[in-house]
Amino acid sequence: MRQRSGACRQRAGGAGGGAADDLVAMYQPHEKVYPRETDGRFQRLRRLAMFLLLGFYYLTPWIQWDGRQSILFDLPARKFYVFGLTFWPQDFFFLAMLLIMAGLSLFFFTALAGRLWCGYACPQTVWTDAFLMMERWAEGDRAKRMKLDAAPWTVDKLRRKAAKHTMWIVFALWTGFTFVGYFTPVRQLGAEVMDFSLGPWESFWLFFYSFATWGNAGFLREQVCIYMCPYARFQSAMFDRDTLIVSYDARRGDPRGARARSVDHAAAGLGDCIDCTLCVQVCPTGIDIRDGLQYECIACGACADVCDTVMDRMGYEHGLVRYATEHEMDGEPARVLRPRMIIYGTLLTGLFVAWMIGISNRTPLRVDLLHDRNVLYQQTDEGIENVYTMKLSNMREEPRRFDLTATGLDGLRITGVEGQVEVAAGSVVSIPMRLVAPETAVDGLRNDVIVRVCDSADASVCSDAEARFIGPDR
Ligand code: SF4
Ligand code: SF4
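Let us look at the structure shown here.

**Points about the sheet that holds strand 16 (residues 458–470)**
Stage number 1. Reading across the sheet, the 4 strands line up as 13-11-15-16 and stay open at both edges, with antiparallel pairing between neighbours. In this open sheet, the two strands that pair with only one neighbour each are strand 13 (421–423) and strand 16. In this sheet, neighbouring strand axes are inclined to one another by 30° on average, regardless of whether the strands run parallel or antiparallel.
Stage number 2. Taken together, the 6 bridges between strand 11 (residues 400–407) and strand 15 (residues 446–455) define a ladder with antiparallel strand orientation. Across the sheet, residue Thr407 finds its bridge partner in strand 15, namely Ile450.

**Description of the sheet that holds strand 4 (residues 79–82)**
Stage number 1. Strand order in this open sheet of 3 strands is 3-4-5, and the pairing throughout is antiparallel. Sheet topology places strand 3 (71–74) and strand 5 (85–87) at the edges, where each strand pairs with a single neighbour. Going from strand to strand, the sheet's axes swing by 10° on average, the running direction of each strand aside.
Stage number 2. Across 4 bridges, strand 3 lies against strand 4 in antiparallel orientation. Looking at the pairing, Ile71 lines up with Val82 of strand 4.

**As for the site of ligand 2**
Stage number 1. Among the 13 residues in the neighbourhood of ligand 2, the closest are listed as Cys283, Cys297, Cys300, Gly301 and Cys303.
Stage number 2. Its residues placed into classes, the shell around ligand 2 shows 11 nonpolar, 2 polar and no charged.

**Notes on the site of ligand 1**
Stage number 1. Near ligand 1 you find Tyr248, Cys273, Ile274, Asp275, Cys276, Thr277, Cys279, Arg290, Cys307, Met311, Leu320 and Val321, and these make up its full shell.
Stage number 2. In terms of residue class, the shell around ligand 1 is built from 9 nonpolar, 1 polar and 2 charged.

**Regarding unusual backbone geometry**
Stage number 1. Geometrically, the link from Asp254 to Pro255 is a cis peptide bond, its omega value of -10° lying close to zero.
Stage number 2. Inspection of the secondary structure puts Pro255 in the loop between helix 11 (250–253) and helix 12 (278–281).
Stage number 3. Despite not being glycine, Arg221 has its phi angle at roughly 45°, a positive value.
Stage number 4. Here Arg221 is to be found in the loop between helix 8 (200–220) and helix 9 (222–228).
Stage number 5. In this structure, Asp275 is a non-glycine residue whose phi angle is positive, near 60°.
Stage number 6. Counting through the fold element by element, Asp275 comes out in the loop between helix 11 and helix 12.

**Some words on the pattern of salt bridges**
Stage number 1. On inspection of all chains with the given rule, the structure shows 38 salt bridges.
Stage number 2. Here Asp129 makes a salt bridge to Arg46, at a shortest N to O gap of 2.8 Å. In this pair, Asp129 is assigned in helix 4 (residues 123–139) and Arg46 in helix 1 (residues 41–59), connecting sequence segments 83 residues apart.
Stage number 3. Here Arg46 falls in the buried class, since its relative accessible area comes to 9%.
Stage number 4. Here Arg452 and Asp464 are joined by a salt bridge, their closest N and O atoms 2.7 Å apart. Here Arg452, found in strand 15, pairs with Asp464, found in strand 16; they are 12 residues apart in sequence, far enough to count as distant.

**A look at the packing of helix 4 against helix 6 (residues 155–181)**
Stage number 1. Packing of helix 4 against helix 6 brings their axes to within 8 Å, and their N-to-C directions diverge by 150°. Classified by the interaxial angle, the pair formed by helix 4 and helix 6 is roughly antiparallel. Pair helix 4 / helix 6 crosses with right-handed handedness. Here helix 4 contributes Trp127, Ala130, Phe131, Met134, Glu135, Trp137, Ala138 and Glu139 to the contact with helix 6, which in turn contributes Arg160, Lys161, Ala163, Lys164, Met167, Trp168, Phe171, Ala172 and Thr175.
Stage number 2. In terms of residue class, the contact of helix 4 with helix 6 is built from 11 nonpolar, 1 polar and 5 charged.

**Considerations on the packing of helix 6 against helix 7 (residues 186–194)**
Stage number 1. The contact between helix 6 and helix 7 brings their axes to 9 Å, and the two run at 130°. Relative to helix 7, the element helix 6 is oriented oblique. Our pair here, helix 6 against helix 7, has a crossing hand that is right-handed. In contact with Phe177, Val180 and Gly181 of helix 6, helix 7 contributes Val186, Leu189, Gly190 and Val193.

**As for the nonpolar core**
Stage number 1. Counting 32 residues, the largest nonpolar core has Val246, Ile289 and Val321 as its most contacted members.
Stage number 2. For this core, the elements supplying multiple residues, two or more each, are helix 3 (116–121), strand 6 (245–248), helix 12, helix 13 (302–314) and strand 7 (321–324).
Stage number 3. Take this core: its biggest share by element is 8 residues, from helix 13.
Stage number 4. Within the second largest apolar cluster, 28 residues are counted, among which are Leu365, Phe402, Leu412 and Phe469.

**So, the packing of aromatic side chains**
The relation between two aromatic rings is expressed through the spacing of the ring centres and the mutual angle of the planes.
Stage number 1. Using the criterion set out here, one finds 27 aromatic pairs in the structure.
Stage number 2. Note on Phe93 and Phe94: the rings are 5.7 Å apart at their centroids and 70° apart in plane angle, and the pair reads as edge-to-face.
Stage number 3. Since its relative accessible area comes to 53%, Phe93 is described here as exposed.
Stage number 4. A residue is classified by how much of its surface remains accessible, and Phe94, at 10% relative accessible area, is buried.
Stage number 5. Their ring planes at 85° and their centres at 5.5 Å tell us that Trp168 and Phe219 sit as a pair that is edge-to-face. Here the residue Trp168 occupies a position in helix 6, and Phe219 occupies one in helix 8, the gap between them amounting to 51 residues.
Stage number 6. Note on Trp168: relative accessible area 1%, which makes it buried.
Stage number 7. Note on Phe219: relative accessible area 42%, which makes it partly exposed.

Criteria and cut-off values
Every chain is numbered independently, its residues counted from 1 as its sequence is written. In the order they appear in the text, chains get letters beginning with A and ligands get numbers beginning with 1. Residues qualify for local features only when their pLDDT is at least 70, as the model is predicted, and side-chain atom pairs are given and counted only at 80 or more; totals for whole chains, interfaces and linings, by contrast, use all residues. Hydrogens are left out, water is left out, and the side-chain values use all remaining heavy atoms of the structure. Strand pairing is assigned whenever DSSP detects at least two bridges linking the two strands. Counting from the N terminus, the helices are DSSP H or I runs at least four residues long and the strands are E runs at least two residues long. Axis definition: a line fit to C-alpha positions, over the contact stretch in the case of helices; interaxial angles, taken between N-to-C directions, run 0 to 180 degrees. When we say a residue is near a molecule or strand, we mean one of its heavy atoms is within 4 Å of it. Residues are grouped as follows: nonpolar covers Ala, Val, Leu, Ile, Met, Phe, Trp, Tyr, Cys and Pro; charged covers Asp, Glu, Lys and Arg; every other residue, Gly included, is treated as polar. Salt bridges are defined by distance alone: a side-chain nitrogen of Lys or Arg within 4 Å of a carboxyl oxygen of Asp or Glu. Only protein chains enter the area calculation, which uses a 1.4 Å probe; residues under 20% of their type maximum are buried, those over 50% are exposed, and those in between are partly exposed. When describing relative orientation, an angle under 35 degrees is termed roughly parallel and one over 145 degrees roughly antiparallel, while 65 to 115 degrees is termed roughly perpendicular and anything else oblique. Less than a right angle of anticlockwise turn of the near helix away from the far helix marks a crossing as left-handed, whereas a clockwise turn marks it as right-handed. The contact criterion used throughout is that any non-hydrogen atoms of two residues lie within 4.5 Å. Each nonpolar core is a collection of buried residues, namely Ala, Val, Leu, Ile, Met, Phe, Trp, Tyr and Cys, held together in the definition by side-chain atoms within 4.5 Å. Note on aromatic contacts: the rings of Phe and Tyr and the six-membered ring of Trp form a pair at centre separations within 6.5 Å, being stacked when their planes are under 30 degrees apart, edge-to-face when over 60 apart, and tilted otherwise.

Here's what the structure looks like:
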């Protein structure tokens, strides 16, 4: 994979001196990229992905699910609501599994189809495309934008720049608002915005995220992919010669050269590339795909689309620039099914199945029993008594009643809790509770007991809490 060149040249002169012009910048100056608009099947796919992903992001918080916001990360209550599923702190394991699956998917899809994520689904790409779209509405396509930037300030330039930044800022603020709406109920947040009563943290995150969107998608753009994104650096380690990448078919395209459509280029000793540089002009990262695979390439397919239009105009076959594997480019058969794909696919499927089974078999009830720290035990008329605090979590989104029983010692019984315990929907209650056992049943200092809690309306929902019952040391 080729690296970006010329980023940091050193002092060319020897020790002790050299001309002033030997001193060169250690950092490559940024040259603004003005991607030209293009159309084609990959760009239509990308636009579809953009509308679906942005639609999902902006609309989901407004959708109600089971009477609640469909996705809400309620940090103060330490509960995540995701389309009818509620994740409690003890479900962290499932979230960790989700993250592992996301990482593994990245390996799987990268090995299969290269930087599919970067070109079609990465938020940086999606928001940059949305911002570019607004930039084109306000300032026009590539040539007009270049001309406008080079021109002195005029009323028209001011008007166009103001229109662009107004759209960007409104869109960025809406993005920041939506982001906070995943953590604070979005309708309540909307009301707070309307009456200027946003809390300090909500205000901070709303403006911070808006600012980050405006900066990343409006100004940094491809620099995030080239200089900041770690994935760009290590993704080549996941590639092999059967990974789909955007490639220029040099065997077919070279030698390059301009020619009239009527010229028999084969007879003139020319390849199919007419050296129009359109593939460079449409590239959002400003590279030339004809220089070979480069880590800056986000696999957006814009160069493939525009080159196909050039091939159409010239009456040549499509695919001079195309998604292809290195094997395919060398005229060898491509292999989709290869060991790493089988390993990633099997792991991913196994984890997904385990996750689904785990989620569907979660007990919607959790019990914790904490022994009183001050008094180990008491001798009463009824026997030996231990005091506990029981924490009962009802993870269902409806109130439930629970029956309590204690086992582990003959004659062990619960006192201090009258009848069934009622717990409100999605709540945790702390109940002081006593266990009493006849003195004759208690065998020394340490006795293991179990308190079983069962849903009174659903006997299959039970949870056991193990505890230590302390008696006189004999
Ligand atoms: S768009 Fe196609 S024909 Fe034009 S320079 Fe690029 S590879 Fe060559
Ligand atoms: S080289 Fe082609 S596929 Fe890669 S980023 Fe540029 S336009 Fe997109």
